[in-house]
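As a plain string of letters, each chain reads:
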Amino acid sequence: MIDVIDLKKTYGTLDALNGITTTIREGEKVAIVGPSGSGKSTFLRCLNCMEDPTSGSIIFDGVDIADINVDINIHRRHMGMVFQQFNLFNNKTVIQNIMLAPLHIGIQDIRRKRLKNFFIKARNLFTSNKKPLHEIHTSEEKLRQDVRENAIRLLKRIGLEDKADVFPSTLSGGQKQRIAIIRALAMNPKVMLFDEPTSALDPEMVGEVLDLIRQLADEGMTMVIVTHEMAFAKEVATRVLFMDEGMILEENTPEEFFTNPQNPRSKEFLSKVL
């Protein structure tokens, strides 16, 4: 699904990523662990080009999305991203937050097709070689209704349908993060990227967020998770990447990584966190 080839990211003289090569396969749950400052979050943000790589390739569904000539916004539709700090819009209600991206993109697509059809019709008036019109399967009004129904369905899934019309400032950290997760799910992504999704939460709220991620894992969602929750990584991940100094120093199954680490730096790290 995602092939990363010799990925590098520099900030001035700092090499944040130093030649990462790996493959994330469909259905995998990849946990990225390592010390602070090792490049984990930078790697995750480069995967959907929120950070532009300095060099290297990121092949997602056959397209190098690191290529500056590629419209990254089209491909980001298929990558859900969940941040440490929730990133909800505080001036919008919960349901408006969830509806925002799918509604905006859906309306853009409808209007783009309408505009193309206008020019096709005009061209067809003056040629015998008629071009077919683009099919538009819904109206903006129907789209809005469908997006809202899906948002309510997702809120029911996490037991927060009663929070649809409140503002994020009234919610607990755990509630905000669960809503951030279903906001990403509203786009029906092929892969979910989690950047330390529990690091900003009080300990009592961590469990409810991890439970939701665990559910998604059980349903077969492809995931890449930067996390400090070692027990969670061991339980949920199908593969663990250990990073330090902008490089992947070890990758293995959770069983092998946590019981029999091979790299000296991995051994040192695990001795301090387990």
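It should be noted that the structure appears before, not after, this text.
Residues numbered from 1 in each chain as written. Predicted model: local features only at pLDDT ≥ 70, side-chain atom pairs only at ≥ 80, totals over all residues. Heavy atoms only, no water.

Engineer: Any details on the packing of helix H3 (residues 94-124) against helix H4 (residues 140-157)? Residues and values, ideally.
Structural biologist: For the pair H3 and H4, interaxial distance at closest approach is 9 Å and the crossing angle is 150°. Relative to H4, the element H3 is oriented roughly antiparallel. For the pair H3 and H4, the sense of crossing is right-handed. Within the contact between the two elements, H3 uses Val94, Ile95, Ile98, Met99, Pro102, Leu103, Gly106, Ile107, Ile110, Arg111 and Arg114 and H4 uses Glu140, Leu143, Arg144, Val147, Arg148, Ala151, Ile152 and Leu155. Residues of the contact of H3 with H4, tallied by class, amount to 13 nonpolar, one polar and five charged. (Axes fitted to C-alpha atoms, helices over the stretch in contact; angles between N-to-C directions. Helix = DSSP H or I, 4+ residues; strand = E, 2+ residues; numbered from the N terminus. Parallel < 35°, antiparallel > 145°, perpendicular 65-115°, else oblique. Left-handed = near helix turned anticlockwise from the far one by under 90°. Contact = heavy atoms within 4.5 Å. Nonpolar A, V, L, I, M, F, W, Y, C, P; charged D, E, K, R; others polar.)

Engineer: So, the packing of aromatic side chains: which residues are in play, and what are the values?
Structural biologist: Enumeration over the complete set of coordinates arrives at four aromatic pairs. With a centroid separation of 5.3 Å and 50° between ring planes, the pair formed by Phe242 and Phe269 is classed as tilted. Here Phe242, found in strand E9 (residues 239-244), pairs with Phe269, found in helix H9 (residues 264-273); they are 27 residues apart in sequence, far enough to count as distant. The exposure class assigned to Phe242 is buried, which follows from its relative accessible area of 0%. By relative accessible area, Phe269 is classed as buried at 8%. Ring-pair connections join several aromatic residues into one group, and the members of that group are Phe242, Phe257, Phe258 and Phe269. (Phe/Tyr/Trp six-rings, centres within 6.5 Å; stacked < 30°, edge-to-face > 60°. Buried < 20%, exposed > 50% of the residue type's maximum accessible area, 1.4 Å probe, protein only.)

Engineer: Explain the sheet that holds strand E6 (residues 79-82) to me, and be specific about the residues and the numbers.
Structural biologist: Overall, mixed pairing links the six strands, which are arranged E6-E7-E8-E3-E9-E10 in an open sheet. Two strands in the sheet have a free side with no partner beyond their single neighbour: E6 and strand E10 (247-252). Each strand of the sheet is rotated relative to its neighbour by a mean of 15°, with strand direction disregarded. Each of E6 and strand E7 (191-195) is contacted by helix H5 (residues 173-185), which is oriented at about 170° to E6, the strand it contacts most. (Pairing = 2+ DSSP bridges.)

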